[in-house]
Amino acid sequence: MMRKVILFAVALLFVSCARTYDPLAGKEVFTLLPTEKEVQIGKMYVPMAIDENDGRYPDREVQQYIQEIGQKIARHTPRKLNYQFYLVNTQAVNAFALPGGFVFVNRGLVLSLNKEDELAGVIAHELAHINARHHAKFLEKMYGMNILLSVASIFAYQTKYGDILMNFGKIGAQLISLKWSRDQEREADRLGVRFAYEAGYDPRGLLDTFKIFKKMEKVKQPEWLLTHPLPETRIKEVKELIAKLDLNRPLIKDTPRFHRIKKKLEETKPSFDLFYQAKEKLVQKKKLAALELLNKSLQLFPDNNASLTLKAFILLSEDKYREGTELAVKATKLDELYFKPHFFAGYGYFKLKQYEKSIYYLEKAKNLIPDFPDVYYFLGRSYEALGRLSEAAKNYRKALQLSDGKRGWEKDAERRLRRILGS
Ligand SMILES: [Zn+2]
């Protein structure tokens, strides 16, 4: 309790002197969330965003392409941040951003587009939300000074003396699927069109994207429209914005590189389609059918880290620890920010009684997503097996704090914790 009071006082101190330069307004504004904290929060949720979207696409050239096109546009935005761009595996037609400069483009989005200026239009729009501090404003409004309290507690935890991870998962889920207001969309369109144009792209690319989305909507609404609504008035306003620009200067519409990247994604699409079918089978508890689909998926694309991870999960749940662990380890090598395979590898090594390795992967998993209780429980078990009792106790305590009471190991963790403390 005392610690909470102190943290609260620290948070208040932050608030009283938090001022940040707003490059759009061209002046200093008072904020509960200075840029440095906004970046810390955004960065903290990058692994969660990657995990929820089935990992990053496992191909260096593809990642580099997204990074380069993103940086090219980001250079023309007023907020000087350490922008990062990621292509994630999910088939959902979407792109989204986290506060502080982190932008995610889905595999499904690139597959639905026909040329580079369309992609540039969407990325520029996401950069506009970041530059207008829309995420930061959401956090300020929803959590007020509690957001600083939460940040303080999470970072305190990382120094190993922390309190519970307040609201970690809840805030993350909200950030990942923030729905923008009409006014915010208008502002993001106004800025995004400008950013894309200043970076040398044909701003009409965004209109072509809108056309594609409108057409798709007749069958299934693209996920991007769930969070960035697209009424006819919005299209009309974007047309008006573009009409004011000089379109006779040389503008990039397309590049061969876009098509090379898209071709790569098209070639691996059947493998990912099988992954999503397997996921569905698993929901219906048809493990064997899921496994068969995953085997086919991995035959088509052995580096499919989403399929490797899901297959590892199924094998581990069938007590096939050696093979399951091997697949999970392979998936961690393809994406070091993907939480699930790290957890599965750590769990698998625990079951194989290779405790040093188990600790290695579970500690990594813990640093990626710090509020998953099972990670702490199996860390506790692994440390205990090696006789490192104070570390074991710390992890059991954390596991019990974070547990919803339905994990199945709570009684065991309590008993082990009591035994360690009593000895
Ligand atoms: Zn938007």
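Just so we're clear, the structure is a prediction, and the values are computed from it rather than from any experiment.

Analysis parameters
Residues numbered from 1 in each chain as written. Predicted model: local features only at pLDDT ≥ 70, side-chain atom pairs only at ≥ 80, totals over all residues. Helix = DSSP H or I, 4+ residues; strand = E, 2+ residues; numbered from the N terminus. Buried ≥ 20, exposed ≤ 12 C-beta atoms within 10 Å, placed from the backbone. Contact = placed C-beta atoms within 7 Å. Pairing = 2+ DSSP bridges. Axes fitted to C-alpha atoms, helices over the stretch in contact; angles between N-to-C directions. Core = buried A, V, L, I, M, F, W, Y, C linked by C-beta atoms within 7 Å. pLDDT = per-residue confidence, 0-100. Parallel < 35°, antiparallel > 145°, perpendicular 65-115°, else oblique. Left-handed = near helix turned anticlockwise from the far one by under 90°. Nonpolar A, V, L, I, M, F, W, Y, C, P; charged D, E, K, R; others polar.

Undergrad: Residues and numbers for the overall build of the protein, please.
TA: Regarding its fold elements, the protein presents 22 helices and five strands. With 423 residues in all, the protein has 46% of them scored as buried. Counted over contacts in the protein with a minimum sequence separation of 6, partners at least 24 positions apart contribute 64%.

Undergrad: Can you explain the sheet that holds strand β3 (residues 84-88)? Please cite residues and give values.
TA: Either a parallel or an antiparallel arrangement is found when strands of a sheet pair, and the pairing is made through backbone hydrogen bonds. Strand order in this open sheet of three strands is β3-β5-β4, and the pairing throughout is mixed. Each edge of the open sheet carries a strand with a single partner, namely β3 and β4 (95-98). Across the sheet, the mean angle separating the axes of adjacent strands is 20° when strand polarity is ignored. Relative to strand β5 (residues 102-106), β3 is paired through five bridges, and the arrangement is parallel. Bridging from a neighbouring strand, valine 88 pairs with asparagine 106 of β5. Sitting on the sheet, helix α4 (residues 60-74) is in contact with β3 and β5, with an inclination near 140° to β3.

Undergrad: So what's going on with unusual backbone geometry? Which residues, and what values?
TA: Residues other than glycine predominantly adopt negative phi, and peptide bonds predominantly adopt the trans conformation. The backbone of aspartate 54 sits at a positive phi, close to 65°, despite the residue not being glycine. You can see aspartate 54 is positioned in the loop between α3 (46-52) and α4. For lysine 285, which is not glycine, the phi torsion reads 65° and is therefore positive. Mapped onto the elements of the fold, lysine 285 is located in the loop between α14 (256-283) and α15 (287-300). The class for lysine 285 is exposed, based on 8 C-beta atoms found within 10 Å.

Undergrad: Give me the nonpolar core: which residues, what numbers.
TA: By size, the foremost hydrophobic cluster in this structure holds 102 residues, and its most contacted members are Ile73, Val103, Val105, Ile123, Leu127, Ala196 and Ala312. Per-element tally for this core: the top contributor is helix α6 (residues 116-131), with eight residues. Leave out the neighbours within four places in its chain, and valine 103 touches Gly70, Tyr83, Phe85, Ala97, Ile123, Glu126 and Leu127. The next biggest cluster of nonpolar side chains, apart from the first, holds six residues, and it includes Leu32, Ala136, Phe138 and Tyr143.

Undergrad: Give a detailed account of the confidence of the model for the protein, specifying residues and quantitative values.
TA: Averaged over every residue, the pLDDT of the protein is 91; the share at 70 or more is 90%. pLDDT under 50 marks residues 12-17. Its contacts with residues more than four places away, or in other chains, come to five contacts.

Undergrad: Describe the pairing of β4, and please don't skip the residues or the numbers.
TA: Burial of the side chains of β4 extends over both faces: Ala95 and Ala97 are buried on one face and Phe96 and Leu98 on the other. Two elements, β4 and β5, share four bridges in a ladder whose sense is antiparallel. Following the sheet pairing, phenylalanine 96 is matched in β5 by phenylalanine 104. Adjacent in sequence and paired antiparallel, β4 and β5 are bridged by three residues, among which glycine 100 carries a positive phi angle near 90°.

Undergrad: I'd like a rundown of the environment of lysine 340, residues and numbers included.
TA: With respect to the element layout, lysine 340 can be found in helix α18 (residues 339-351). Overall, lysine 340 belongs to the buried group, with 25 C-beta atoms counted inside 10 Å. Between the C-alpha atom of lysine 340 and that of methionine 48, which follows or precedes it by 292 residues, the distance is 9.9 Å. Leaving out residues up to four positions away in the same chain, lysine 340 has contacts with Asp51 and Thr309.

Undergrad: Requested: an account of the packing of α4 against α6, with residues and values cited.
TA: For the pair α4 and α6, the least separation of the axes is 10 Å and the interaxial angle reads 55°. One way to sum up the angle between α4 and α6 is to call them oblique. Here the hand of the crossing between α4 and α6 comes out right-handed. Residues Ile69, Gly70, Ile73 and Ala74 of α4 pack against Leu119, Ala120, Ile123, Ala124 and Leu127 of α6. Per-class residue counts for the contact of α4 with α6 are eight nonpolar, one polar and no charged.

Undergrad: An account of the packing of α6 against helix α11 (residues 204-217) is requested, with residue identities and associated values reported.
TA: At a closest axis distance of 7 Å, the pairing of α6 and α11 adopts a crossing angle of 95°. Classified by the interaxial angle, the pair formed by α6 and α11 is roughly perpendicular. Mapping the contact onto sequence places Asp117, Glu118, Ala120, Gly121, Val122 and His125 in α6 and Gly205, Leu206, Asp208 and Thr209 in α11. Of the residues belonging to the contact of α6 with α11, the class tally is three nonpolar, four polar and three charged.

Undergrad: I'd like to hear about the environment of glutamate 126, residue by residue, with values.
TA: Mapped onto the elements, glutamate 126 comes out in helix α6. By C-beta crowding, glutamate 126 is classed as buried, having 25 other C-beta atoms within 10 Å. In this structure the C-alpha to C-alpha distance between glutamate 126 and glycine 101, which are 25 residues apart in sequence, comes to 9.4 Å. Excluding residues within four positions of it along the chain, glutamate 126 makes contact with Ala95, Phe96, Ala97 and Val103.

Undergrad: Outline the environment of proline 58, supporting the account with residue identities and numerical values.
TA: Considering the arrangement of structural elements, one finds proline 58 in the loop between α3 and α4. Look at proline 58 and you get buried, because 22 C-beta atoms sit within 10 Å. When the C-alpha atoms of proline 58 and valine 88 are compared, they prove to be 8.9 Å apart, with 30 residues separating the residues in sequence.

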